[in-house]
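Structural description and commentary
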Amino acid sequence: MRITNKQITGTYLYNANKNLEKYTSQHEKLETGRAYTKISQNVSTSKKALQARTEMYRNEQYQKNVDSAIEELSTAESSLTSVNDQLQNINSLVIKAVNGTNNDETSRKIFSKTLDESKENILESLNTSHLDKYILGGTNNKEIPFTKDENGNLMFNGVNVDNISEKNGLLFDENGNEIPMSNDNYIDIGLGLKMNGDNFDKNSAFKISFSGVKWTGYGFGSITYKNSEQEEVTEEVSNNVYQIMSDMQDALDKNDMPRLSALNDHLKKQYDNVLTGIAEIGVKSKRLEDVKTQLDDKNANITQMQKDFEGIEDTDEIVKLDEYNYSWLLTLKFGSSLLPQSLLDYIK
């Protein structure tokens, strides 16, 4: 049988292409870390790998939500802590004024000025924002939630805090209308979100909105004290810390120490609400840290599963790459003695 140069060349090129394909495919495996690149190469395992990837993507979204929530809670806690510090400072100053050691006119003016500065600091803390979101403004992401009207009264989302009431966890104005943007926002952190018709089970999600007015006070309360003539006086006053401090300024201006003392006691009651808010945020933060740990562990497990389904053993694949590389070099060497030099240069 006669073998022509054309047959030899064709057979050589066919085998050379096969060896090159094996070499490049093995090289691609090591670069990507994947045992296969097409589902058709391993249908059953590919299906499991896709499920693992889907679960990994979902878990990563939960992790992002948790990280974002932790940042918001940290900002909210810092804001309330700042309010708490201001109230503690005011309490100390008022005690000095009431005790008579610093109740001359000049001292009272200094105290009143300090109250005014503290009020502004509290207002600034209540309007703290994080990533364009007002942390203590409920669901308000557009406008400053805590403002002052022309008379200096504190407003929450456009409603005087003294006219706010609460029912079933919701805030209403004096006309019974729900306060704008005072409802709650929730995020999915992997607790198994459940739907009830068009609504969702709030226990299966995480609340990530706060109406700061619930902790700093709203509506009216009362104080009872004996005036300078030892007459018992009962007075209706605001429950909001900002408004109470305004009443304190009025008492200082009038040198009405009995009323100032009663207002200070009333302020301390609202101060307890601020501490409650800080504690609630702390509990939420601890819960999120626990969830974060669980998600991190779950992500590590899913990553290992995904690697088991479509990953490679680097050592074994490197040995194979060396084998294919050696075969390709032998192919080129064999071709140098078999093929015309011009064709071999083309192959190289």
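Residues numbered from 1 in each chain as written. Predicted model: local features only at pLDDT ≥ 70, side-chain atom pairs only at ≥ 80, totals over all residues. Heavy atoms only, no water.

1. Some thoughts on the overall build of the chain
The condition that has to hold: In this text, helices come from DSSP runs of H or I with a minimum length of four residues, and strands from runs of E with a minimum of two, each type numbered from the N-terminal end. The classification of residues rests on relative accessible area computed with a 1.4 Å probe and restricted to protein chains. Under 20% of the type maximum is buried, over 50% is exposed, and intermediate values are partly exposed. Whether two residues are in contact is decided by their heavy atoms, any of which lying within 4.5 Å being enough. Surface accessibility follows the Shrake-Rupley procedure with a 1.4 Å probe radius. Residue values consider only the protein chains on display as shielding.
Summing up its helical and strand segments, the chain has eight helices and 13 strands in all. Looking at the chain residue by residue over its 348 residues, the buried ones come to 38%. Long-range contacts, defined here as pairs at least 24 residues apart, represent 63% of the contacts in the chain between residues at least 6 apart. A total accessible area of about 20,100 Å² is found for the chain, and carbon and sulfur atoms account for 47% of it.

2. Thoughts on the nonpolar core
Definition in use: Throughout this description, the term nonpolar core refers to a set of buried Ala, Val, Leu, Ile, Met, Phe, Trp, Tyr and Cys residues connected via side-chain atoms within 4.5 Å.
Among the nonpolar cores identified, the biggest contains 56 residues, and Leu87, Leu136 and Met248 are the most heavily contacted of them. When residues of this core are traced back to their parent elements, those giving at least two are helix 2 (43-98), helix 3 (105-126), strand 4 (154-156), helix 4 (213-216), strand 12 (220-226), helix 5 (241-253) and helix 6 (257-310). With residues up to four places along the chain from it excluded, the contact list for Leu136 reads Ala76, Ser79, Leu80, Ser125, Leu126, Phe146, Phe156, Phe210, Ser211, Gly212 and Trp215.

3. Digging into the packing of helix 3 against helix 5
Spelled out, the test is: Axis definition: a line fit to C-alpha positions, over the contact stretch in the case of helices; interaxial angles, taken between N-to-C directions, run 0 to 180 degrees. Each angle receives one of four descriptions, namely roughly parallel if under 35 degrees, roughly antiparallel if over 145, roughly perpendicular if within 65 to 115, and oblique otherwise. In this count, Pro and Cys sit with the nonpolar residues alongside Ala, Val, Leu, Ile, Met, Phe, Trp and Tyr, while Asp, Glu, Lys and Arg are called charged and the others, Gly among them, polar.
Running from amino to carboxyl end, helix 3 crosses helix 5 at an angle of 170 degrees, the nearest separation of the two axes being 9 Å. By the angle class used here, helix 3 and helix 5 are roughly antiparallel. Side by side, helix 3 and helix 5 meet where Arg108, Phe111, Ser112, Leu115, Asp116, Ser118, Lys119, Glu120, Ile122 and Leu123 of the first sit next to Tyr242, Met245, Ser246, Met248, Gln249, Leu252 and Asp253 of the second. Class assignment of the residues belonging to the contact of helix 3 with helix 5 gives a composition of eight nonpolar, four polar and five charged.

4. A short note on the packing of aromatic side chains
As a reminder of what qualifies: Between rings of Phe, Tyr and Trp, where Trp is taken as its six-membered ring, a pair exists when centres lie within 6.5 Å; planes separated by under 30 degrees are stacked, by over 60 edge-to-face, and by other angles tilted. Either the NZ atom of lysine or the CZ atom of arginine qualifies as a charge over a ring when it sits within 6 Å of the ring centre and within 35 degrees of the ring normal.
Enumeration over the complete set of coordinates arrives at two aromatic pairs. Seen from their ring centres, Phe146 and Phe156 are 5.0 Å apart, and the 45 degrees between their planes marks the pair as tilted. Within this pair, whereas Phe146 is found in strand 3 (residues 146-148), its partner Phe156 is found in strand 4, the two being separated by 10 residues in sequence. Both residues of the pair, Phe146 and Phe156, count as buried. When the centroid spacing of 5.8 Å and the interplanar angle of 35 degrees are considered together, the rings of Phe210 and Trp215 count as tilted. Residue Phe210 shares its accessibility class with Trp215, and that shared class is buried. The ring of Phe206 is capped by Lys284, whose NZ or CZ atom sits 4.8 Å from the centre of that ring.

5. Comments concerning the environment of Leu295
Topologically, Leu295 is positioned in helix 6. It is 9.1 Å that separates the C-alpha atoms of Leu295 and Ile189, two residues lying 106 residues apart in sequence. For Leu295, the contacting residues outside a window of four places in its chain are Asn59, Tyr62, Gln63, Val66 and Ile189.

6. Focus on the environment of Asn273
Turning to its location among the elements, Asn273 is positioned in helix 6. In this structure, the C-alpha to C-alpha distance between Asn273 and Lys214, residues 59 residues apart in sequence, is 8.2 Å.

7. Details of helix 5
Basically, it comes down to this: Between the first and last residue of a helix there are one fewer steps than residues, each counted as 1.5 Å, and that sum is the expected span. Polar contacts, as counted here, are pairs of nitrogen or oxygen atoms within 3.5 Å of one another; within protein the pair requires one atom able to donate a hydrogen and one able to accept it, and residues that are adjacent in sequence qualify only if both atoms are side-chain atoms.
With 13 residues, helix 5 ought to run about 18 Å at 1.5 Å a step, and its terminal C-alpha atoms sit 18 Å apart, in line with that. Regarding helix 5, the residues found buried are Val241, Tyr242, Gln243, Ile244, Met245, Met248, Gln249, Ala251 and Leu252. Its side-chain oxygen 2.9 Å from the backbone nitrogen of Tyr242, Asn240 forms the N-cap of helix 5. The positive-phi residue at the C-terminal boundary of helix 5 is Asn255, with phi of around 55 degrees.

8. Considerations on helix 3
It helps to recall that an α-helix has 3.6 residues per turn; residues three or four apart then point in one direction. Relative to the 32 Å expected for 22 residues at 1.5 Å per residue, helix 3 spans 31 Å between its end C-alpha atoms, a close match to the ideal helical length. Of the positions making up helix 3, those classed as buried are Ser107, Arg108, Phe111, Ser112, Thr114, Leu115, Ser118, Lys119, Ile122, Leu123, Ser125 and Leu126.

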